[in-house]
Amino acid sequence: MLKSLFRDNPSPMFILKKETLEILDINDAAINTYGYDKDTFTDKRLPDLLSPELTTSCHSTEEVDIKAEHITGNHIHETAFGTLLPVKLLVQPLEYSHHDAYLVKAISLQHKSDYQWAIDQTEQELKEHLANSPLAYMIWDDKFHLKRISPEITEWLDVSRDELLGERSTALAFSQLTAHDFMRVKKKVDNLFEEETTNNIMEFGVQISEDETRYLKLYNSALKDAEGNLVSVLSLVENQTQLVNSLKLQELQNEIIQNASDFVCLIGMDGNIKYLNPAGRRLMGFDEDFDITSTYIKKFFTDESYHRLVSTLIPKAVENGSWKEELELRTLDGKKIPVSTVISVHKDENDNIEYYSTISRDISKERRILSDLRNKTQQLEAAMQGGEVCFWQYFVEEDRFEFDHDWLHELLGYENQNLADFETWKKLIHPEDWPAASQHFLDTIKGETDSFKDELRLQKADGEYLWILSKGKPVEYDDRGNPTKISGVHLDIDDWK
């Protein structure tokens, strides 16, 4: 039995003394594989076979026992020929010549180790060369599992190293990919193992969360050992998230600029127009096909505005980053357009100015509105000074009016009578006008209408009636949307009626 299990076994076998790991006996396969004769072997302990770089000296019985209990596993031994021999040791306790002993079988891992050494050497070189590089790396096996990764990968994919390196690592790392994209990535790796190509490139996005996607670009190549055997697939990984997001932002900005209704222009340092958006072309009168780069900014503004642009806006923008003023554009047909212009300065990474940008908004309509408002204000002031207009307010919850009492007293002739309550107004309004006027007023208070306008008669102190136009609308509301304050005017239309 011992001869069949030990002497004639094709794998190297050792019998070790348990307490010291001394080699008590060896088989012929061990002599042939390691190159030592039997006497040399029996003068050694098992740790003496370890490669000098991996040898750990044992100085105490406790350390020897610990070492003995951890014999099983992979080791790198050095032969008498000076070569390194990767082996996997299998251990079985037994009794040998009245000693507690171990039967140890050494299974050569030479072929597998060639792959592993190639991977280890490649990874070491990658760590050195990529130390200050934005690239990371991943190494795949032929089962589409990740075997080695650089630390950046865990950060970019937002998973731990233990989660990535395992049987389900790839499925976990790329679980957010669509089935189509997942198979596309796998196909790229498989093509290298099938030797259909020696390198390829793939790009994809991994959705980390609902609001965040990481974009990676992989430069894949076949990893071979010194003899040209395909070992694994190496992927140099570039995190393009910032670039992709910047491009998306730039595309969005370009789309906004292209579709903006405002005049948007880029100006070179020499005053030459570098770009004018479609709205700017339409405003200025340029055709879509006109080469705008042959035009200078001076042509876009009136002489006065161009002088202010050069003397004030640009220096202020250089000082503050941007500046805003109102100028006048001059179109191709000579039309002057008032605009609110913001000019901004754009610099390179060395803080040198590259170009200027201007956004000009046509304020012709605002100018007209302000002019109309100014005219109406002047007319209103004249009407008030002429005694034609009375402003009033009604506070719903208090059932209280506020009037220009001088206007009412003067026109109606009442000296000391209080006109600020609802009942008094009911008496003053002509009986024929009261039903419609009161209903319109109440409908506005209830929120059923948003305003009212009535022509009605007010009784004067001498018994005669004065025709007025009464207008009003809610101006304040409570939390439920009910009007709390009504404001309006009374206009004297007696002469007109």
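In case you missed it, the structure is sitting above this.
Reading guide: rules and limits
Residues numbered from 1 in each chain as written. Predicted model: local features only at pLDDT ≥ 70, side-chain atom pairs only at ≥ 80, totals over all residues. Heavy atoms only, no water. Phe/Tyr/Trp six-rings, centres within 6.5 Å; stacked < 30°, edge-to-face > 60°. Lys NZ or Arg CZ within 6 Å of the ring centre and 35° of its normal. Pairing = 2+ DSSP bridges. Helix = DSSP H or I, 4+ residues; strand = E, 2+ residues; numbered from the N terminus. Axes fitted to C-alpha atoms, helices over the stretch in contact; angles between N-to-C directions. Contact = heavy atoms within 4.5 Å. Core = buried A, V, L, I, M, F, W, Y, C linked by side-chain atoms within 4.5 Å. Buried < 20%, exposed > 50% of the residue type's maximum accessible area, 1.4 Å probe, protein only.

**Student:** Even after reading the chapter, I still don't get the packing of aromatic side chains, so can you show me in this structure?
**Tutor:** Each aromatic ring pair is described using two quantities: the centre-to-centre distance and the angle formed by the ring planes. Enumeration according to the criterion identifies 14 aromatic pairs in this entry. Judged by centre distance (4.6 Å) and plane angle (40 degrees), the rings of Tyr394 and Phe401 are tilted. Each residue in the set Trp392, Tyr394, Phe401, Phe441 and Phe452 is aromatic and connected to the rest through ring pairs, giving one cluster. Here Lys44 stacks its cationic end above the ring of Tyr36, 4.8 Å away from the centre of that ring.

**Student:** What is the right way to read the sheet that holds strand E14 (residues 336–347) from this model?
**Tutor:** As summarised here, the arrangement of the 5 strands in space is E12-E11-E15-E14-E13, forming an open sheet in which the pairing is antiparallel. With one partner strand each, in any of the chains shown, strand E12 (273–276) and strand E13 (322–330) form the two edges of the open sheet. The sheet shows a mean angle of 25 degrees between the axes of neighbouring strands, direction not considered. One ladder, built from 6 bridges, connects strand E11 (residues 263–268) with strand E15 (residues 353–362); its direction is antiparallel. Paired with Cys265 across the strands is Thr358, a residue of E15. Sitting on the sheet, helix H12 (residues 303–320) touches E13, E14 and E15, and the angle it makes with E13 is about 165 degrees.

**Student:** Just checking my understanding: could you explain the nonpolar core for this structure?
**Tutor:** With 24 residues, the main nonpolar core has Met138, Trp140, Ile153, Leu218 and Val237 as its most contacted residues. Judged by nonpolar contacts, the second largest core, of 22 residues, contains Trp425, Ile429, Ala437 and Leu456.

**Student:** Mind showing me how you'd approach the sheet that holds strand E8 (residues 199–209) here?
**Tutor:** For sheets, the rule is that strands pair by backbone hydrogen bonds, running either parallel or antiparallel. A sheet is described by the order of its strands in space; here 5 strands give the open sequence E7-E6-E10-E9-E8, paired in antiparallel fashion. Sheet topology places strand E7 (146–149) and E8 at the edges, where each strand pairs with a single neighbour. Within the sheet, the average angular offset between the axes of one strand and its neighbour, ignoring direction, is 30 degrees. Pairing of strand E9 (residues 212–224) with strand E10 (residues 230–239), which is carried by 9 bridges, proceeds in the antiparallel orientation. Following the sheet pairing, Tyr219 is matched in E10 by Leu236.

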